[in-house]
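The lines below spell out each chain.
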Amino acid sequence: MEPLPLSFTALDAQIEQTPQHPSYSVILSQKTKWGFAMAALGGALGLLSVKVLPNNQLYTLVLAGVFVAVELIGVIVIAVSQLPRKWPTFTEARRELAEELDLDLPNHAALIHWLGTFPRDQLETLSDYVSYRRDRMQERLPLLTGSIEKLGALPIVIALYLQFKDMRWPPHPSWTEIFLIFALLLSYGASLLQISVRFRLQRYDALLKKALSTLDKQPVVNPT
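Let me sum up the structure you'll find in this document.

Reading the values: the criteria
Counting starts from 1 at the beginning of each chain's written sequence and moves along it residue by residue. Reporting of local features is limited, given that this is a predicted model, to residues whose pLDDT is at least 70; pairs of side-chain atoms are given and counted only at 80 or more, and all residues count toward the totals for whole chains, interfaces and linings. Values shown for side chains rest on all heavy atoms present in the structure; no hydrogens or waters enter the calculation. Think of it this way: any DSSP run of H or I at least four residues long counts as a helix, any run of E at least two long counts as a strand, and we number them from the N terminus. Residue burial considers only the protein chains on display, and all accessible areas are found by Shrake-Rupley using a 1.4 Å probe. To form a nonpolar core, buried Ala, Val, Leu, Ile, Met, Phe, Trp, Tyr and Cys residues must be joined to one another through side-chain atoms within 4.5 Å. Any residue under 20% of the maximum accessible area for its type is buried, any over 50% is exposed, and the rest in between are partly exposed; the area is computed with a 1.4 Å probe on protein chains only. Should any heavy atoms of two residues lie within 4.5 Å, those residues are counted as being in contact. Patches in this entry comprise residues that are over 30% relatively accessible and not in a salt bridge; like charges within 9 Å are linked, as are nonpolar side chains (Val, Leu, Ile, Met, Phe, Trp, Tyr) within 5 Å. By salt bridge we mean one thing: a side-chain nitrogen of Lys or Arg within 4 Å of a carboxyl oxygen of Asp or Glu. To obtain an axis, a line is fitted to C-alpha atoms, over the contacting stretch when the element is a helix, and the angle between two such axes runs from 0 to 180 degrees between their N-to-C directions. Oblique is the label for any angle not under 35 degrees, not over 145, and not in the 65 to 115 range, which are roughly parallel, roughly antiparallel and roughly perpendicular in turn. What makes a crossing left-handed is the near helix being turned counterclockwise from the far one by less than a right angle; a clockwise turn instead makes it right-handed. Gly is put with the polar residues, along with every residue not named as nonpolar or charged; the nonpolar set is Ala, Val, Leu, Ile, Met, Phe, Trp, Tyr, Cys and Pro, and the charged set is Asp, Glu, Lys and Arg.

1. Side note on the overall build of the chain
Scanning the chain from N- to C-terminus turns up seven helices and zero strands. What you see in the chain, going N to C, is helices and strands ordered as α-α-α-α-α-α-α. Carbon and sulfur atoms make up 66% of the accessible area of the chain, which amounts to about 15500 Å² in all.

2. With respect to the nonpolar core
One finds Leu6, Leu11, Leu115, Leu123, Leu207 and Leu208 to be the most contacted residues of the largest nonpolar core, which totals 19 residues. Those elements giving two or more residues to this core turn out to be helix 1 (8-17), helix 4 (90-115), helix 5 (120-145) and helix 7 (175-217). Element by element, the count of residues in this core is highest for helix 7, at seven residues. Excluding its chain neighbours within four sequence positions, the residues that come into contact with leucine 115 are Leu6, Leu11, Leu123, Leu207, Leu208 and Ala211.

3. What about a nonpolar patch on the surface?
Together, Leu58, Leu61, Val62 and Val66 line one region of the surface with nonpolar side chains, adding up to about 350 Å² of accessible area. Looking at where leucine 61 falls in the secondary structure, it is placed in helix 3 (residues 58-82). For leucine 61, a relative accessible area of 31% translates into the label partly exposed.

4. Let's talk about the packing of helix 1 against helix 4
Between two packed helices, both the angle of their axes relative to each other and the distance between the axes serve to describe the pair. At their nearest, the axes of helix 1 and helix 4 sit 11 Å apart, and the two run at 155° to each other. By the angle between their directions, the pair helix 1 and helix 4 is classed as roughly antiparallel. Crossing angle aside, the handedness with which helix 1 passes helix 4 is right-handed. Contact residues: helix 1 offers Ala10, Leu11, Gln14 and Ile15, while helix 4 offers Leu111, Trp114 and Leu115. A per-class count over the contact of helix 1 with helix 4 returns six nonpolar, one polar and no charged.

5. Some words on the environment of serine 49
Structurally, the position occupied by serine 49 is in helix 2 (residues 30-52). Between the C-alpha atoms of serine 49 and leucine 63, which are 14 residues apart in sequence, the distance is 7.2 Å. Those residues within four positions of serine 49 in sequence are excluded, and the remaining contacts are Thr60, Ala64 and Phe67.

6. Some thoughts on the side chain of asparagine 107
Tracing the chain through its elements places asparagine 107 in helix 4. The contacts of asparagine 107, once residues within four sequence positions are left out, are Thr18 and Pro19.

Take a look at the structure:
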């Protein structure tokens with residue numbers, strides 16, 4: 001039985017199976033997920049309540065206050081869940097980096113060795129195509145969201161500013177401001193998703209190129 005041909009699905013599965021240092025974890029904790037859900041739901045309902053419900057009514061003020069409180073609680077939950085158990089020092093940061101490298105090196109070598117078990121033509125096919133897709137994504141990404149991912153938490157700060165800039169209770173943002181808030185947050189999320197995909201493409205490209213380079217360095221055995 002011939003071995004299955006190399007595919008990006010198989011390569012991705014191999015990458016996902018490699019152990020990672022705890023500091024690499026990008027999986028949100030349950031508390032962080034609840035915090036994001038509370039902040040998003042509270043903010044959305046708070047904005048809509050002050051626009052849809054009658055002004056100067058007690059129940060409008062109460063509902064807006066409840067929703068804003070939910071939003072702020074969600075933000076606090078997110079902040080607390082991201083705090084380190086102890087503040088890192090320069091020595092600990094360097095030691096953690098060394099631990100990451102010690103863990104990553106054999107995993108990286110194992111992935112390259114695994115790729116080297118496949119025929120060269122398959123490696124070249126996947127390498128050429130992933131390089132093409134990576135270049136296309138780099139060209140297409142600015143058309144979608146620009147460099148918004150380089151702004152860090154600034155979009156969140158801008159969204160909060162637009163929501164509370166009037167400094168009156170309850171806040172009365174216009175529909176244009178509400179649209180801009182949600183458009184900004186959605187664009188920010190889409191940009192982060194695209195960056196995550198681009199990082200994975202870059203890893204595919206680096207592994208395939210390294211596997212091909214390793215094959216080139218192997219001595220050629222002449223048949224006798």
